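One-letter residues, chain by chain:
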Amino acid sequence: MAHAALSSTTVTAPRTNRLAMFGWFAFVFLVASQIIAIAISPPDRDMGDLQKILYVHVPSAWMSMLAPFTVLYFSLLYLWKKREEDDLLAAASAEVATAFSGLTLVLGMIWGKPTWGVWWAWDARMTSMLVQFLILVGYLSLRALVDERDRRAQWSAAVGILGAINVPIVYMSVRWWRTLHQIQSSPATVDPAYVIGLRLNAFAFLFVMIYFIRARYGAALLERAAEHALQDAALGTGGSNHGS
Amino acid sequence: MGEAHLIASGRRPGYDPGAKDGPVHVRQNPTFSFAKRRINTVHAIASSAQTPVIDARGVARRFGASWVLRGVTLQASAGETVGLLGVNGSGKSTLLRILSTLIKPHAGSATVCGYDVARDPEEVRSCVGYLGHTPGLYDDLTARENLQFAAAMFGTDAREIDRILERVTLSGAADQRVRGFSSGMQRRLAIARLMLVRPRVLLLDEPYSNLDTAGIALMNSLISEWAKSGVASLVVLHELAPAAGILDRTVTIVEGRIASEENLSAAQAPSLVVIR
Amino acid sequence: MTGGLSHDWRRARAIAWKDLTSERRSKAGFNSVVALAVTILVMFGFALGPDAQAIRDAAPGAIWLAVLFAGVLAFNRSYQVELDGGALEQLILYPGSRRAIFAGKLLANFAFVSLMLVVVVAVGVILFQVHIPAAWPALLGILFLGAVGLVTLGTFYAAMASRSRAREVLLPLLLFPMLVPVLLAAMEATKGLLGGDAMGDAGNWARLLIAFDVVFFVATFLAFESVIEV
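What counts and what doesn't
Residues numbered from 1 in each chain as written. Chains lettered and ligands numbered in written order. Predicted model: local features only at pLDDT ≥ 70, side-chain atom pairs only at ≥ 80, totals over all residues. Heavy atoms only, no water. Helix = DSSP H or I, 4+ residues; strand = E, 2+ residues; numbered from the N terminus. Rg over C-alpha atoms; globule rule 2.2 N^0.38 Å. Disulfide = S-S within 2.5 Å. Buried < 20%, exposed > 50% of the residue type's maximum accessible area, 1.4 Å probe, protein only. Axes fitted to C-alpha atoms, helices over the stretch in contact; angles between N-to-C directions. Left-handed = near helix turned anticlockwise from the far one by under 90°. Nonpolar A, V, L, I, M, F, W, Y, C, P; charged D, E, K, R; others polar. pLDDT = per-residue confidence, 0-100. Contact = heavy atoms within 4.5 Å. Buried area = accessible area lost by both parts, 1.4 Å probe. Salt bridge = Lys/Arg side-chain N within 4 Å of Asp/Glu carboxyl O. Polar contact = N/O pair within 3.5 Å; in protein donor to acceptor, adjacent residues only side chain to side chain. Phe/Tyr/Trp six-rings, centres within 6.5 Å; stacked < 30°, edge-to-face > 60°. Lys NZ or Arg CZ within 6 Å of the ring centre and 35° of its normal. Pairing = 2+ DSSP bridges.

Colleague: Lay out the overall build of chain C in plain terms, naming residues and giving numbers.
Modeller: Helix and strand content of chain C: eight helices and zero strands. When the helices and strands of chain C are listed from N to C terminus, the series reads α-α-α-α-α-α-α-α. Radius of gyration (C-alpha) of chain C: 18 Å, near the 17 Å computed for a compact globule of 230 residues. Along the first, second and third principal axes, the C-alpha atoms of chain C reach 60 × 35 × 30 Å.

Written out as structure tokens, the structure reads:
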């Protein structure tokens, strides 16, 4: 049976409206969380106001650590059910994960320069995040370089699963590598004064991430709908569902 | 046709519990030494000539945004040799690759030897021999070593190799590396590989290209030999001439669809059937 | 009769034999890849030397990286032999598990990479003025374990990269980040052993390396069918 294809009726107007509303909510929530966090927290005794960047860097890092498991989930689902939606969701998750990983790295470097005096210090967490970023870039490159849809979906799923499995392994090995050679300090996150701000922003970032993934997925669905219209024209079939 | 309804409803072709003869049990010819598995009676097929051994229904496949095959329906029965004609890019090779389970159809369905090509590719593979455009040989191995490798992969022994090499007139070159072979010799070696096991269906993609007269004669004698022993063959052709003597039917494919069919066998009056 | 583990093992051996025989007979193959590895090693020497202590410290990294860069070519080549004549299609159509194909290619690539490693280590020891430690059998063990991880992941990703566009770029792009744990463990263990292993770290890294090898071996074996079929 052909890989179950999406019907061209999957994209509906009410759903896009709901998504747009959710997007606005996520954005407003994010802005509010940032303002609240910045307002209620005192300057750190070591970092001063530089500490404020952690309200973006740390939630971004948490999302970056969460997102590969989203890719893992949808990739496993795709290999099991062979539904095109799952492949598209995995791809959307990977794109968003790459963006968040890159953001985390940049913010980390911005925090690191005044703190350590250098842009990059090979500390465990940043280095692991860098490797994760590269794993995701590899995933996206694979998708870009394979044209045939079924092959791309299947290969992406395998690569996504292996990459996601590797992320915690990389963290572990890089941390071991770093503790042997040098003790490195990472941004302190446990001070209770900062916990509320961080938790609030963590949720805000989560909402934003979910929105981005759904939006990217919606765009992919629109592409598919267009292709299916072409398919119907080519085959001379009127209906939208295909295959056995 | 009744069978069309069966396909549309998703049930396997060849099995109709309402048929007056009831379900038919068949021992599959143990042609492959590894095909001695028991056949699930629910999926048994009758071995009579009426039930097609190749059964493609509305098979379609896209490449990128364009559609190479646009709904091909085609049957072939045991012992039939069907020629597939069409220009380059008409989709004939794609159809063959789908029937051999190398690629999956994006729409429609196909069964070969009673098994669905998408759902049970392993069963189909143990029943089918595929000769592709490229011979699929290893240049740095000798002819004999290529066949020995194939025998190991098929799980058969190597006893037949010498006899097979002789049948395809490659005995003299048995211990030469394939790198030095002409394309005709490579084709003969590729055919020889198919002879290591005895498939019930042969899918041959342009087997006559680059063959000289002797090669063509050899190919024809092999195909008609196999047809006599009940093998169904689907032969993709560029032109009708080399195979004219051995074909039972020709099917012409134009732009991914069947444009015409023609019966050639002397047993039936020639008729032209146009299917769109 | 032709299913079953013993036949799959026979198939894997046949594939390994075929790959190694083809490689041996094709004049290009092994020699040029090994020559490349040595050349890369020399380049590292220029980049990091000529201070004796600097290059001695850098030796483990340089050796593994030279093997890695040259190995990438070897991994793609192992599928090239199938793609050239269209043999991959026939390979897929044979009965039995696709894992036999993976196992066969693993064996062949492992033989190739091991041989290459021996040559590169020998040259590296000379060029980088490495003192051979008393614990050199342990060093061989590390080399073996590192090669296993490298070959497992390399053979797996090459199955895809070799059939994509820009395969020379795609394979390193996919493979290198995935190899970070294996390479870190192998390099650190090598450094430890060469440096006399003052802190007993090499053993820990070796244990980690074994764990990594097992995880990746199992994962790639399970995933290979999805990758070669389509």
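Colleague: Quick rundown of the state of the cysteines? Include the residues and the values.
Modeller: All names here are of chain B. Here the structure, examined in full by the defined rule, presents one disulfide over all chains. Residue pairing for Cys-113: its cysteine sulfur links by disulfide to Cys-127, the two sulfurs lying 1.6 Å apart. Its torsion about the S-S bond being -45 degrees, the disulfide of Cys-113 and Cys-127 is classed as left-handed. Of this pair, Cys-113 sits in the loop between β4 (107-112) and β5 (115-116) while Cys-127 sits in the loop between α3 (121-125) and β6 (128-131), placing them 14 residues apart in sequence. Of the residues examined, Cys-113 reaches a relative accessible area of 4% and is grouped as buried.

Colleague: Can you explain the packing of helix α3 (residues 84-116) of chain A against helix α4 (residues 124-145) of chain A? Please cite residues and give values.
Modeller: All names here are of chain A. Where α3 meets α4, the closest approach of the two axes is 9 Å, and the angle between their N-to-C directions is 145 degrees. At the point where α3 passes α4, the crossing takes the left-handed sense. The class makeup of the residues in the contact of α3 with α4 is 14 nonpolar, six polar and three charged.

Colleague: Please give an account of the confidence of the model for chain C that cites residues and values.
Modeller: Do not read the fine detail of predicted coordinates wherever pLDDT is low. On average, residues of chain C score 91 in pLDDT, and 97% of them reach the 70 mark or higher. Interface predicted TM-score (ipTM) for the complex: 0.90; the corresponding pTM is 0.84.

Colleague: Got a sec to walk through the interface of chain A and chain C? Specific residues and values, please.
Modeller: In this assembly, 31 residues from chain A lie in contact with 31 residues from chain C. Roughly 2,700 Å² is buried in total at the junction of chain A and chain C, and carbon and sulfur atoms are behind 76% of that figure. Summed over the three residues of chain A that lose the most area to chain C, namely A:Leu145, A:Trp155 and A:Leu162, the buried surface amounts to 25% of that side. Here chain A is connected to chain C by one salt bridge. A salt bridge links C:Arg165 to A:Asp147; the shortest N-O distance between them is 3.1 Å. In this assembly, chain A and chain C are joined by six residue pairs in polar contact (both at pLDDT 80 or more). Breaking the side of chain A that touches chain C down by element, the ones donating at least two residues are α4 and α5 (149-181) of chain A. No other element matches the 19 residues that α5(A) contributes to the side of chain A that touches chain C. Of the residues contributing to the side of chain A that touches chain C, the split by class is 21 nonpolar, seven polar and three charged.

Colleague: Residues and numbers for the packing of aromatic side chains, please.
Modeller: The tally for this structure, following the rule as stated, stands at 25 aromatic pairs over all chains. With centroids separated by 5.1 Å and ring planes inclined at 45 degrees, the aromatic side chains of C:Phe217 and C:Phe221 adopt a geometry described as tilted. Of this pair, C:Phe217 and C:Phe221 both sit in helix α8 (residues 201-229), separated by four residues, roughly a single helical turn. Through successive ring pairs, a cluster of aromatic residues spans C:Phe102, C:Phe156, C:Tyr157, C:Phe217, C:Phe221 and C:Phe224. Stacked on the ring of A:Trp80, the Lys or Arg A:Lys81 has its end atom at 4.3 Å from the ring centre.

Colleague: So, the sheet that holds β5(B): which residues are in play, and what are the values?
Modeller: The strands that make up a sheet pair up through hydrogen bonds in the backbone, lying either parallel or antiparallel. Residue and element names in this part refer to chain B. One open sheet holds the four strands; their spatial order is β2-β1-β4-β5, and the pairing between them is antiparallel. Edge positions in the sheet fall to β2 (66-76) and β5, since each has one partner strand and no second. Here β4 pairs with β5 via two bridges, running antiparallel. Paired with Val-112 across the strands is Tyr-115, a residue of β5.

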